[in-house]
Amino acid sequence: MVTRIAVAGGGIAGLSAALLLARQGYEIVLVERDGPPPERLDGVQNWHRPGAPQIRHPHMFLGLFRHLLRTRLPDVQADLLTHGIDLAGTGCRRATIEWALHRAVWAQDAVRIHHGVSAREVVVDAGRVRGLRIDGGVIEVDAVVDATGRYSPLADACAGEVEESPSGIVSYSRLYRLRNGVPQPAPFPDPIIFAGGMGFGGGLYTHDNRTFTVLFARLPEDDLLGRLREDGAFEAATRAVPQFEPWLRDGSAEPVGSVVSMAGFSNTWRELPPSAPVGYLPIGDVLCTTYPIMGRGTSLALAGAARLSELMADGNVELEAVGAGMRAHARDDVRPWYDDAVHEDAERTRSWRATVGARADGPESPGAHRADGELSLVVLVALAGRHDPRLGELAQRRINLLVHPDSLDTPEVHERLRAVLAGERRTPLLSPEPTYQELTRALAAHRIG
Ligand SMILES: Cc1cc2nc3c(=O)[nH]c(=O)nc-3n(C[C@H](O)[C@H](O)[C@H](O)COP(=O)(O)OP(=O)(O)OC[C@H]3O[C@@H](n4cnc5c(N)ncnc54)[C@H](O)[C@@H]3O)c2cc1C
């Protein structure tokens, strides 16, 4: 009988697995190598988190994440609400979510959480998990939930090979806070996101407590946009984007810290073979990472924790059956999003390269306005949603991971898309603002200044 479980890693996956399993009667020991969050929410921005450096980058919380939080961890959602944070849209800092999960864990008697402790190795005997090795000893347990993230120190010995595909994106982001008295501009709490065929991507992500992040993304080889890493050049670029104006006009917001960059990100997929030790249960980024701009990671992490707790709902569960169930979950619910991310990355890279490559043709080159045909199906359907609400709804369900990635490839969608494209529209679906040329001009002007 399974009674004691170690959870290695206290990010979104580990904290939610610990909570859900403890509430089903299991005794949980959670080890997290970073320190705990501050008690008060207003200190969360300075929480030192080297184990999850992505915490400083903007996070969206998609429909799947919000659905699972509402249905599986309603107390965490309620706690966020009492702090004025409504995840009805997507807006919240990532650190804030972890802070709220920690509060729930601290209140849970069946979870013992040890901060500043590193998991080293899963102790296996005769093909079954017997313990988790940490510095200075072994915690004896029946199962180990590996939630240590993409660089898991446990997975190499327990799981299969890693498949990897570079996402082909470099991003720059900066956190801001609206000054006191400035009203929250629309479309709070929804983000503003542009990608598609513009040669670059970007967005404005709204968070809790009047904070928001502006992000730009470029091709790795695009040196012209590399200057976005400088605070001054980044500010110049923000002024070239009309959609950002209501948030940044006349100093209505102040930056919190400098520009943060991210490069070299890869989509990763780790196979969980049937030969894995019985009781070794990887979830979250250990299994799969997908390119960050679509914001899928926390949803897939929470989905893994939720599935694991469903499989372990019966106290007399066989760990062999749980392992098989988690393999099926990985194959059916997670892998399709990995494949989709690899496909979307390739499509986006091709489309951005076509635009950036056209820049030599002059300021009004065709590259400034890529044809709709350059866009991937999901981007096209999302844009066509402005003309056909049914397409908008279908695109939103898919973007929010509430349906299978193939859900848009249906006769109904293609029919509606054809109707929109053949309709009365005089402009292309994608009318980039700013164009690639306008953005690079803004950066060049800053250089001169
Ligand atoms: C730049 C960027 C932007 C992103 N944006 C979004 C977004 O908008 N929306 C979204 O949903 N997702 C986003 N993601 C993905 C998201 O951050 C991850 O998918 C999510 O954090 C996965 O959670 P996790 O708990 O599996 O892993 P992590 O959050 O990486 O947590 C792993 C934890 O394990 C700990 N740990 C590591 N090793 C050990 C050890 N040996 N012993 C003990 N503890 C250990 C770490 O300190 C950490 O706390 C983004 C990722 C990046 C890189």
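Definitions and cut-offs
- Residues numbered from 1 in each chain as written.
- Predicted model: local features only at pLDDT ≥ 70, side-chain atom pairs only at ≥ 80, totals over all residues.
- Heavy atoms only, no water.
- Pairing = 2+ DSSP bridges.
- Helix = DSSP H or I, 4+ residues; strand = E, 2+ residues; numbered from the N terminus.
- Contact = heavy atoms within 4.5 Å.
- Axes fitted to C-alpha atoms, helices over the stretch in contact; angles between N-to-C directions.
- Phe/Tyr/Trp six-rings, centres within 6.5 Å; stacked < 30°, edge-to-face > 60°.
- Lys NZ or Arg CZ within 6 Å of the ring centre and 35° of its normal.
- Parallel < 35°, antiparallel > 145°, perpendicular 65-115°, else oblique.
- Left-handed = near helix turned anticlockwise from the far one by under 90°.
- Nonpolar A, V, L, I, M, F, W, Y, C, P; charged D, E, K, R; others polar.

Asks: How should the sheet that holds strand E15 (residues 266-270) be read in this particular structure?
Replies: Picture the strands of a sheet paired through backbone hydrogen bonds; they go either parallel or antiparallel. Taken in spatial order, the three strands make up an open sheet running E8-E15-E17, and their pairing is antiparallel. The outermost strands of the open sheet, each flanked by one partner alone, are strand E8 (162-166) and strand E17 (288-289). When E8 meets E15, the two strands line up antiparallel, connected through five bridges. Bridge pairing in E15 links Ser165 to Asn267. Strands E8, E15 and E17 of the sheet are contacted by helix H9 (residues 319-357), whose axis makes an angle of about 155 degrees with E15.

Asks: Help me out: how do you make sense of the packing of aromatic side chains in this one?
Replies: Note on aromatic pairs: each is described by the distance of the centres and the angle between the planes. Applying the stated criterion across every chain yields a total of seven aromatic pairs. Look at Tyr176 and Phe212: their rings are 5.4 Å apart centre to centre, the planes differ by 15 degrees, and that puts the pair in the stacked class. With a gap of 36 residues between them, Tyr176 in strand E9 (residues 170-178) and Phe212 in strand E12 (residues 211-218) connect regions that are remote in the sequence. Grouped by ring-pair contacts, the aromatic residues Tyr176, Phe212 and Trp247 constitute a single cluster. Residue placement shows Arg49 over the ring face of Trp47; its charged tip is 5.0 Å from the ring centre. Above the ring of Trp352, the side-chain terminus of Arg348 is found at 5.3 Å from the ring centroid.

Asks: Would you mind showing me how to read the packing of helix H3 (residues 74-82) against helix H4 (residues 94-106) here?
Replies: Two numbers describe a pair of packed helices, the interaxial angle and the distance between the axes. Running from amino to carboxyl end, H3 crosses H4 at an angle of 120 degrees, the nearest separation of the two axes being 9 Å. Taken together, the axes of H3 and H4 lie oblique to each other. Two packed elements cross with a definite hand, and for H3 against H4 that hand is right-handed. Where H3 approaches H4, its residues Asp75, Val76, Asp79 and Leu80 are matched on the opposing element by Thr96, Ile97, Ala100, Leu101, Arg103 and Ala104. Partitioned by chemical class, the residues of the contact of H3 with H4 number six nonpolar, one polar and three charged.

Asks: Teacher, can you tell me more about the packing of helix H2 (residues 63-72) against helix H8 (residues 297-311) here?
Replies: The contact between H2 and H8 brings their axes to 8 Å, and the two run at 35 degrees. Taken as a pair, H2 and H8 cross one another with a handedness that is left-handed. Contacts between H2 and H8 involve Leu64, Phe65, Leu68, Leu69 and Arg72 from the former and Thr298, Ser299, Leu302, Ala303, Ala306, Ser309 and Glu310 from the latter. Per-class residue counts for the contact of H2 with H8 are seven nonpolar, three polar and two charged.

Just distances and angles here, no functional claims.
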